[in-house]
Amino acid sequence: MAAGGAGGNSGRTYSFKVVLLGEGCVGKTSLVLRYCENKFNDKHITTLQASFLTKKLNITGKRVNLAIWDTAGQERFHALGPIYYRDSNGAILVYDITDEDSFQKVKNWVKELRKMLGNEICLCIVGNKIDLDKDRHVSVEEAESYSESVGAKHYHTSAKLNKGIEELFLDLCKRMMETAQAEERLKGNGASQSASSRRGVQIVDDEPQATPAGGCCSSG
Amino acid sequence: MAAVEVGRMLRLAEQCLERAKSFIEKNAGPNEASASVSASSSGSPAQTAKPHQTAISPVAIAENTGDKSTSPKKTGHHKVLTDDGSGGLSPFLPPEVFKRLQTVASQDTIKKELTPIEQASRLNQKLKANYEARLARLTPGQAYQKTSLKLSLQRQMMENLIIAKARQDALQRKMEERRLRLQEEANRRFAASGTMTPEEQEQHMLYTNVLEYEQDHDWPKIWKANIKENPDDVTLVPRLVSYLKLTDSVSSGGGSQSFSSGLLLSPSLFDDLHTKYDYEDREESHTQEMLDQENSFEDLEEFLTQLDSASPHGCTDEAGSDSDIWDPSVLNEGNIQELEMRALKEHLKAIVKDIHIAIDQLLSLCLLSFECLNTASSKDLCLASIEEVFFMPLWTALVALFRKVNREREQAFEISMKLYQDASPADVGVPLKLFPPEPDRMQDSYPYESAVQELKLLFKDYCPQRKLECVVRTLRVICACAEDYRCLHEENSAPKTAAIGADDLLPILSFVALRCQLPQLVSECAALEEFIHEGYLIGEEGYCLTSMQSALAYVESLHTGQHPADMFI
């Protein structure tokens, strides 16, 4: 059950890892809480609260398990950044539309992610707090043109008003599924070569009844 | 007239004996042959010529001497010659004979599964004992009866052996047929792949042997049925694995024969474990690999101690360095240490790889024998149980190696730990709202003490999976504590922020790691990183371990002052 969790047949479950990046006060915690529980101020959301969240989805008849990893925005915890986003299928980079600095940080992360993970990862750049549009310091045009230039999609959200969040995650999931399927097709073409190199002891792969339910990630 | 009769009987007896002897020599194994020959020798022609000493076996002599008073009275009851063994067990059997019969009977109960030939030989021994008993009761004058008794004994022994031989042959044919059938079954299962790699061939053979073993033994079937009936019983799989391990310990130790589960390990099962390739191989690979690992670790330990004493600095930086500073060899020291470290890292990599391969093999053997375990959840359980057994004796040595490799990181951790031993959570960047303003207002002596206590439990386990669970629990305790502390602050105001995210979690985790005051945490986590299951990597376990690693890296860098606790983020 690799991180990609891809599988052409509809019986399979996709497991995706999504990392959440953004400076301390951009509201990424509120954003992800809003998505997973749809409750803005609820207490005792999960055992790990907003740091690690899981969500089960059903998209066009296919089951998707999302594991959302929050990362620390502080610079001093970035020495081991790469171990956070390795094997990620998607990344959500959040900035505050009233805070120019937070947008600059997003640009840094994009560079690092592309360097570490190449084009495999689906990037979402998210301008949060659109309820504070009157204090906007990052222009819509700038953010959107930048996002396009780095192959990312741009979204506008408001965690407070619960705007744009559902769309953001649904869109990201669909993109990750497409990427996983494309990868699967690519693997399928090269299957004849890889089959022989597969380790002999792993006969479990040959069992038709073995359809893993993807029960590896316990919901937090 | 009587003499003529006796002569005829003698000739007949001789013929019978000849036939019996040639038959026995031709067909029976050495044990049976000698037993039967000795049985018939008591009635050899030389002895029958002297009727007075017919039974010269020691037992018979003993009977004669001890039996003198009773035998004349009893002979009258035994005029009718009964050939079946049970008929001979009269209530007046002499004690010696009775004893002998009993030992034969008790031998039978010890060995459960006898081959037909063995059974026949047992039966014949009984017959012979009966015959001797009866003979002993005859008065010297009853020579005719003696001969007739002897002949009927020989005839019966002969018949028994012939029947046994036929049964044995039939059984062998059946076994052979079964073997072929199982072979075909295994062929079918492995039919998908046209050309077989050596591994597949080995598996194929193993599978055939597993099938064969299961024909003879019920316990795998019982377990399988049990698992099928109770698919939701999560305790079954661990119990099965520990049962397999128990079988292993019994088969290798050979000591106790009873299982805690109440099953009796009969000697035949014990033998089978050694003759049959499949289970033996499984158990053996199990123990063998464990032994191999242990040996390699022992070698390693030895190697390390040699290195330590050979190189001037070894691993202790506290002592001995002063005198060495003026030593010319110091010039090379950096070089030596670098080489040593490189060798260590290579060694560690090889060992980690070996462990992964060994566990993979154990798991696939388990799944090969118990196909019903081949579901995602059962497989996880199976793997967890195997690992628990596997790592128990290894972990201490394994961590010793990781500590050697991560020595510098641990040292950095220790320096930070000492510098910050009295630090408040705010010193490592924990927001003020997430720890109590006055320490005396809480039950713990310092903030997040319960999380620190939880983290310390990590060192009490010897299985990576359990350690990982401990890390997860530590993070959960942190979240619960943080929630409580925040509530203290927001007693009167409406709660503003929602929940603890990574921005808050990592500083707290760093604080907890500092307060834990155990630098080997660095090595433990590095080892966990190597042995965490792929499936857990993106889940809660993976997240918690990654967070822990991140916090540890931050703590290691604390003493360098590179990252002032930027509290205002």
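Keep in mind it's a predicted model, so treat the numbers as computed, not measured.

1. Considerations on the overall build of chain A
Link 1 in the chain: Looking only at helices and strands, one finds six helices and six strands in chain A.
Link 2 in the chain: Taking the contacts inside chain A whose residues are at least 6 apart along the sequence as the reference set, 72% of them involve residues at least 24 apart.
Link 3 in the chain: Of the roughly 10000 Å² that chain A leaves accessible, carbon and sulfur atoms contribute 48%.

2. Concerning the overall build of chain B
Link 1 in the chain: Check the secondary structure of chain B and you find 24 helices and zero strands.
Link 2 in the chain: Here chain B holds 569 residues, and 46% of them are scored as buried.
Link 3 in the chain: For chain B, the proportion of contacts with a sequence separation of at least 24, taken over those separated by at least 6, is 74%.
Link 4 in the chain: In the form shown here, chain B has an accessible surface area of approximately 28900 Å², with 55% of it arising from carbon and sulfur atoms.

3. Side note on the sheet that holds strand S2 (residues 52-59) of chain A
Residues and elements named next belong to chain A.
Link 1 in the chain: Read from one edge of the open sheet, six strands run S2-S3-S1-S4-S5-S6, paired in mixed fashion. Each end of this open sheet is capped by a strand with a single partner; those strands are S2 and strand S6 (153-156). Ignoring which end each strand starts from, the neighbouring axes of this sheet average 25 degrees apart.
Link 2 in the chain: Note: S2 against strand S3 (residues 62-70), eight bridges, orientation antiparallel. Each bridged residue has a counterpart across the sheet, and for Lys56 the counterpart in S3 is Asn65.
Link 3 in the chain: Contacting strand S1 (13-22), strand S4 (90-96) and strand S5 (122-128), helix H3 (residues 100-117) crosses the sheet at an angle of about 165 degrees to S4.

4. Some thoughts on the nonpolar core
Link 1 in the chain: If you look at the biggest cluster of nonpolar residues, it comprises 112 residues, and the most contacted ones within it are Leu93(A), Ile125(A), Ile355(B) and Tyr448(B).
Link 2 in the chain: No other element matches helix H15 (residues 330-369) of chain B, which puts eleven residues into this core.
Link 3 in the chain: If you look at the next biggest cluster of nonpolar residues, it comprises 33 residues, including Phe16(A), Leu31(A), Ala50(A) and Val126(A).

5. Section: the packing of aromatic side chains
Link 1 in the chain: For the coordinates displayed, the defined rule picks out 15 aromatic pairs over all chains.
Link 2 in the chain: Where Phe52(A) meets Trp69(A), the ring centres are 6.4 Å apart and the plane angle is 75 degrees; that geometry is what we call edge-to-face. Linking Phe52(A) in strand S2 with Trp69(A) in strand S3, this pair joins segments that are 17 residues apart in sequence. Residues Phe52(A) and Trp69(A) agree in their burial class; the two are buried.
Link 3 in the chain: Between Trp69(A) and Tyr84(A), the ring centres sit 6.4 Å apart and the planes meet at 90 degrees, which makes this aromatic pair edge-to-face. Residue Trp69(A) is located in strand S3, and its partner Tyr84(A) is located in helix H2 (residues 81-85); the two are separated by 15 residues in the primary sequence.
Link 4 in the chain: Among the residues examined, Trp69(A) registers a relative accessible area of 1% and is labelled buried.
Link 5 in the chain: Aromatic ring contacts, followed pair by pair, group Phe52(A), Trp69(A), Tyr84(A) and Tyr543(B) into a single cluster.
Link 6 in the chain: Over the aromatic face of Tyr35(A) sits the side chain of Lys55(A), whose NZ or CZ is 4.6 Å from the ring centroid.

6. Considering the packing of helix H18 (residues 407-419) of chain B against helix H24 (residues 540-558) of chain B
A pair of packed helices is captured by two measures, namely the crossing angle of their axes and the spacing between those axes.
All names here are of chain B.
Link 1 in the chain: Contact geometry of H18 with H24 gives a least axis separation of 7 Å together with a crossing angle of 70 degrees. Taken together, the axes of H18 and H24 are roughly perpendicular relative to one another. As H18 runs across H24, the sense of the crossing is left-handed. Contacts between H18 and H24 pair Arg409, Ala412, Phe413 and Ser416 from the former with Gln549, Leu552, Val555, Glu556 and Leu558 from the latter.
Link 2 in the chain: Per-class residue counts for the contact of H18 with H24 are five nonpolar, two polar and two charged.

7. A few points about the side chain of Asp99(A)
Residues and elements named next belong to chain A.
Link 1 in the chain: Of note, Asp99 is situated in the loop between S4 and H3.
Link 2 in the chain: For Asp99, which is buried and forms no salt bridge, the nearest opposite charge comes from Lys129, at a distance of 7.5 Å.
Link 3 in the chain: Reaching out from Asp99, the side chain makes a polar contact with the backbone nitrogen of Asp101 at a distance of 3.0 Å.
Link 4 in the chain: In this structure, Asp99 is in contact with Glu23, His137 and Val138, ignoring residues within four places of it in sequence.

8. Quick notes on the pattern of salt bridges
All names here are of chain A.
Link 1 in the chain: Under the definition given, this model contains 22 salt bridges over all chains.
Link 2 in the chain: Note that Asp70 and Lys28 form a salt bridge whose closest N and O atoms lie 3.0 Å from each other. With Asp70 in strand S3 and Lys28 in helix H1 (residues 28-37), this residue pair connects regions lying 42 residues apart in the sequence.

9. Quick look at the confidence of the model for chain A
Link 1 in the chain: Looking at chain A as a whole, the pLDDT averages 79, with 76% of positions reaching at least 70.
Link 2 in the chain: When the criterion is pLDDT under 50, residues 191-220 of chain A qualifies, and its contacts beyond four places in sequence or with other chains add up to 42 contacts.

10. Some thoughts on the confidence of the model for chain B
All names here are of chain B.
Link 1 in the chain: Looking at chain B as a whole, its pLDDT mean stands at 70, while 62% of the residues score no less than 70.
Link 2 in the chain: For the stretch residues 30-91, pLDDT sits under 50, and the model shows 81 contacts to residues farther than four places along the chain or on other chains.
Link 3 in the chain: The low-confidence segment residues 303-328 (pLDDT under 50) makes 21 contacts with residues lying over four places distant or belonging to another chain.
Link 4 in the chain: Both confidence scores are given for the complex: pTM 0.62, ipTM 0.82.

11. Structural notes on the pairing of S3(A)
All names here are of chain A.
Link 1 in the chain: Most of S3 is tucked away, with eight of its nine residues classed as buried.
Link 2 in the chain: Relative to S3, S1 runs parallel, the two sharing eight bridges. Along S3, the bridge assignment pairs Val18 with Ile68.
Link 3 in the chain: Between S2 and S3, which pair antiparallel and follow one another directly, the connecting turn spans two residues, one of which, Thr60, has a positive phi of 45 degrees.

12. As for helix H7 (residues 116-137) of chain B
Counting along an α-helix, one turn takes 3.6 residues, and residues three or four places apart therefore face a common direction.
Link 1 in the chain: When the terminal C-alpha atoms of H7(B) are compared, their 32 Å separation across 22 residues agrees well with the 32 Å that a helix rising 1.5 Å per residue should span.
Link 2 in the chain: Taken across its 22 residues, H7(B) has 17 buried, putting it largely inside the fold.

13. Thoughts on the state of the cysteines
Link 1 in the chain: For the structure on display, the rule yields zero disulfides over all chains.
Link 2 in the chain: Between Cys173(A), a free cysteine, and Cys124(A), which holds the nearest cysteine sulfur, the sulfur-to-sulfur gap is 9.3 Å.
Link 3 in the chain: Using a relative accessible area of 1% as the deciding quantity, one classes Cys173(A) as buried.
Link 4 in the chain: Of all cysteine sulfurs in the structure, the one in Cys516(B) sits closest to Cys525(B), which takes part in no disulfide; the separation is 9.5 Å.

14. A short note on the packing of helix H22 (residues 521-531) of chain B against H24(B)
Residue and element names in this part refer to chain B.
Link 1 in the chain: In the contact formed by H22 and H24, the axes pass within 10 Å of each other and the chain directions differ by 145 degrees. Crossing geometry of H22 relative to H24 is assigned as left-handed. Here Leu521, Val522, Cys525, Ala526, Leu528 and Glu529 of H22 lie close against H24, whose contacting residues are Leu545, Met548, Gln549, Leu552 and Glu556.
Link 2 in the chain: Its residues assigned to classes, the contact of H22 with H24 comprises eight nonpolar, one polar and two charged.

15. Some points on helix H21 (residues 502-516) of chain B
Residues and elements named next belong to chain B.
Link 1 in the chain: Over its 15 residues, H21 runs 20 Å from end to end, which matches the ideal 21 Å to within 8%, given 1.5 Å per residue.
Link 2 in the chain: Taking burial as the measure, the 15 residues of H21 include 15 buried ones, the bulk of the element.
Link 3 in the chain: Following H21 by one or two positions, Gln517 has its phi on the positive side, about 55 degrees.

16. Some remarks on the environment of Pro431(B)
All names here are of chain B.
Link 1 in the chain: Looking at where Pro431 falls in the secondary structure, it is placed in the loop between H18 and helix H19 (449-456).
Link 2 in the chain: Residue classification places Pro431 among the partly exposed positions, given a relative accessible area of 22%.
Link 3 in the chain: Spatially, the C-alpha atoms of Pro431 and Pro507 are 8.5 Å apart, while their sequence positions differ by 76 residues.

17. Topic: the pairing of S6(A)
All names here are of chain A.
Link 1 in the chain: By the bridge criterion, four bridges tie S5 to S6 in an arrangement that is parallel. Across the sheet, the residue bridging to Gly127 is His156, located in S6.
Link 2 in the chain: Each parallel crossover has a hand, and for S5 linked through helix H4 (residues 140-149) to S6 it is right-handed.

Cut-offs used in this document
Residues numbered from 1 in each chain as written. Chains lettered and ligands numbered in written order. Predicted model: local features only at pLDDT ≥ 70, side-chain atom pairs only at ≥ 80, totals over all residues. Heavy atoms only, no water. Helix = DSSP H or I, 4+ residues; strand = E, 2+ residues; numbered from the N terminus. Contact = heavy atoms within 4.5 Å. Areas by Shrake-Rupley, 256 points an atom, 1.4 Å probe, with all protein chains shown as cover. Buried < 20%, exposed > 50% of the residue type's maximum accessible area, 1.4 Å probe, protein only. Pairing = 2+ DSSP bridges. Axes fitted to C-alpha atoms, helices over the stretch in contact; angles between N-to-C directions. Core = buried A, V, L, I, M, F, W, Y, C linked by side-chain atoms within 4.5 Å. Phe/Tyr/Trp six-rings, centres within 6.5 Å; stacked < 30°, edge-to-face > 60°. Lys NZ or Arg CZ within 6 Å of the ring centre and 35° of its normal. Parallel < 35°, antiparallel > 145°, perpendicular 65-115°, else oblique. Left-handed = near helix turned anticlockwise from the far one by under 90°. Nonpolar A, V, L, I, M, F, W, Y, C, P; charged D, E, K, R; others polar. Lys, Arg positive; Asp, Glu negative; His and termini not counted. Salt bridge = Lys/Arg side-chain N within 4 Å of Asp/Glu carboxyl O. Polar contact = N/O pair within 3.5 Å; in protein donor to acceptor, adjacent residues only side chain to side chain. pLDDT = per-residue confidence, 0-100. Expected span 1.5 Å × (residues − 1). Disulfide = S-S within 2.5 Å. Right-handed = clockwise from strand over helix to strand, strands pointing away.

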